[in-house]
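Per-entry structural report
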Amino acid sequence: MAKGVERGYRYRFYPTPAQAQLLTRTFGCVRLVYNLGLQARRDAWQQHQETLGYGATSSLLTEWKKTPEFEFLNEVSCVPLQQTLRHLDTAYTRFFAGKARFPRLKSKKRSRRSAEFTSSAFTFRDGELRLAKLMDTPLAVVWSRPLPDGVVPKTVTVSQDRAGRWFVSLRGEVPAAVAAAVTAMVGIDAGINRLLTLSDGDPVDNPRHESRERAALARAQQELARKEKGSRNREKARLKVARVHARIADRRRDVWHQVTTRLVRDNQVLVIEDLAVANMLKNGRLARAISDASWGMFRTLLEYKAEEYGRTLIVVPRWYPSTRLCSVCGVRADKMDLSVRAWACAGCGTQHDRDVNAARNILAAGLAVTACGADRRPQRGTTSRAGSRR
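Residues numbered from 1 in each chain as written. Predicted model: local features only at pLDDT ≥ 70, side-chain atom pairs only at ≥ 80, totals over all residues. Heavy atoms only, no water.

Regarding the UniProt feature "domain: Probable transposase IS891/IS1136/IS1341" (unreviewed entry) in the chain
Here is the rule: UniProt positions are given in the numbering used here, feature names are shortened, and annotations may be inferred rather than shown by experiment. The secondary structure listing takes helices from DSSP runs of H or I that are at least 4 residues long and strands from runs of E that are at least 2 residues long, numbered from the N terminus.
Mapped onto this numbering, the UniProt entry annotates "domain: Probable transposase IS891/IS1136/IS1341" (unreviewed entry) at residues 180-283. Taken end to end, residues 180-283 has its terminal C-alpha atoms 42 Å apart, with 54% of it in helix and 18% in strand.

Structure follows, in structure tokens:
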């Protein structure tokens, strides 16, 4: 791909007490302004059938700052407050386009703690990052990897996760990855016993991160349950629980990054199945294992990396009977239980590994989509005609 792509580079940093105090206050102001803007837009429509856009809510922000009730908004940088109103406007646009649900008020306990700064509210020079209202001291960022040459950050997002860790994400345009064209094609079947099974028979083992940390998580949750609500000890116990969850999430993300990068580098065409993960999670016996596998993260990473590397990603319909269809003769077997890991075709007698056979059928269905001229990169929630219903 000739043109550049926007990428974000996330780093951990360690704020001083003064920086942490101001950034925490900024997070609260960002959440407040978002909720005020949302309520103002709701009231304008319910009372006067008027639609407020970003410009109108930005003017309201100026007025709010002049009132004694919200005068404290002047203590933080105005840029993150304006950016959260832009995000609110984007949320409305996505809702009316049918891509998201109606915007909701942000909760103090459950909403993401973050603030976005544009180029007018930060400086990045000689490896030092300084934010508006905090220009005296640069952030103590751990530069775990260098920014690519020529990257000029357009926005900087500061965030704090539930485990109390601080992160900064620098987003800018980078040249698209130059990857030599290859001839290999692969079908990918996602599973639980094996994280992935490829059409060439190569498996990707499931590390089962949550299962490995289950005992530590249970102990931390038991300690949390014993603490008095609202006490400092309860907050300390909550942090312990959050740190276990963060450790699981970090390991899971790391594995998926390694796997997806290898897949897009080694294959020109990648075919996956459109899995209804939300529906699968309703299965009480498998919900925990499915959540631990995190197939949604796999698809998200594979989609953007395939586009960046110039690869072709094909998504076949979720109703395609990849498991029960013989990849040799095409005869469809009867419905089989999940416990059946190997089966013999009644038509040709071929012995099949359940997952390898499914991956080969997924690849064949994807190539049929390409041959028919269907969309090669279906969006989430859509399916291409690649087979019949179960």
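Here we look at helix 5 (residues 214-226)
Here is the rule we go by: Expected span of a helix, by definition, is 1.5 Å for each gap between consecutive residues, and there is one gap fewer than residues. Exposure categories follow from relative accessible area, calculated using a 1.4 Å probe and restricted to protein chains: below 20% of the type maximum is buried, above 50% is exposed, and the middle band is partly exposed. Of all possible arcs, the one meant is that of the directions from the helix axis to the C-beta atoms. The contact definition used throughout considers only heavy atoms, calling two residues in contact when any of these lie within 4.5 Å.
With 13 residues, helix 5 extends 19 Å from end C-alpha to end C-alpha; this agrees with the ideal 18 Å at 1.5 Å per step. Turning to helix 5, its buried residues are Leu217, Ala220 and Leu224. All buried residues of helix 5 lie within an arc of 65° about the axis, which places them on one face of the element. Pointing more than 90 degrees away from the buried face of helix 5 are the exposed residues Arg219, Ala225 and Arg226. Contacts made by the buried residues of helix 5 are with helix 4 (209-212) and helix 6 (232-266).

Some words on the nonpolar core
This is how the line gets drawn: By nonpolar core we mean a set of buried residues, namely Ala, Val, Leu, Ile, Met, Phe, Trp, Tyr and Cys, connected to one another through side-chain atoms within 4.5 Å.
Val158 and Val168 are the most contacted members of the largest nonpolar core, which totals 42 residues. At the level of secondary structure, the elements contributing two or more residues to this core comprise strand 1 (5-13), helix 1 (17-48), helix 2 (54-66), helix 3 (78-96), strand 2 (113-118), strand 4 (128-131), strand 6 (155-160) and strand 7 (166-174). If you tally residues by element for this core, the top one is helix 1, at ten residues. When residues no more than four places from it in sequence are discounted, the contact partners of Val168 are Tyr9, Arg10, Tyr11, Phe13, Leu129, Val141, Val156, Thr157 and Val158. Counting 23 residues, the second-largest nonpolar core is a separate cluster that includes Ile188, Val259, Ile272 and Leu301.

Looking at the packing of helix 1 against helix 2
In plain terms, the rule: Angles here are taken between N-to-C directions and fall from 0 to 180 degrees, while the axes themselves are lines fitted to C-alpha atoms, restricted in helices to the stretch in contact. Any angle between 65 and 115 degrees counts as roughly perpendicular, while under 35 counts as roughly parallel, over 145 as roughly antiparallel, and the rest as oblique. Handedness of a crossing follows from how the near helix is turned relative to the far one, being left-handed for an anticlockwise turn of less than a right angle and right-handed for a clockwise one. In the scheme used here, Gly and all other residues not listed as nonpolar or charged are polar, with Ala, Val, Leu, Ile, Met, Phe, Trp, Tyr, Cys and Pro taken as nonpolar and Asp, Glu, Lys and Arg as charged.
It is at 10 Å that the axes of helix 1 and helix 2 come closest, and there the two elements cross at 120°. Judged on the interaxial angle alone, helix 2 and helix 1 are oblique. By crossing handedness, the relation of helix 1 to helix 2 is classed as right-handed. Contacts between helix 1 and helix 2 involve Val33, Leu36, Gly37, Ala40 and Arg41 from the first element and Tyr54, Thr57, Leu60, Leu61 and Trp64 from the second. A breakdown of the residues in the contact of helix 1 with helix 2 according to their chemical character gives seven nonpolar, two polar and one charged.

Some remarks on the environment of Arg162
Condition: Polar contacts here mean pairs of N or O atoms no more than 3.5 Å apart (in protein, one a potential hydrogen donor and the other a potential acceptor; neighbouring residues in sequence count only if both atoms are side-chain atoms).
Note that Arg162 resides in the loop between strand 6 and strand 7. When its relative accessible area of 49% is taken as the criterion, Arg162 is described as partly exposed. Residues Arg162 and Lys240, spaced 78 residues apart in sequence, show a C-alpha to C-alpha distance of 10.0 Å. Excluding residues that lie within four positions of it along the chain, Arg162 makes contacts with Lys109, Arg238, Leu239 and Ala242. Within the structure, the side chain of Arg162 is placed 2.7 Å from the backbone oxygen of Lys109, a separation counted as a polar contact.

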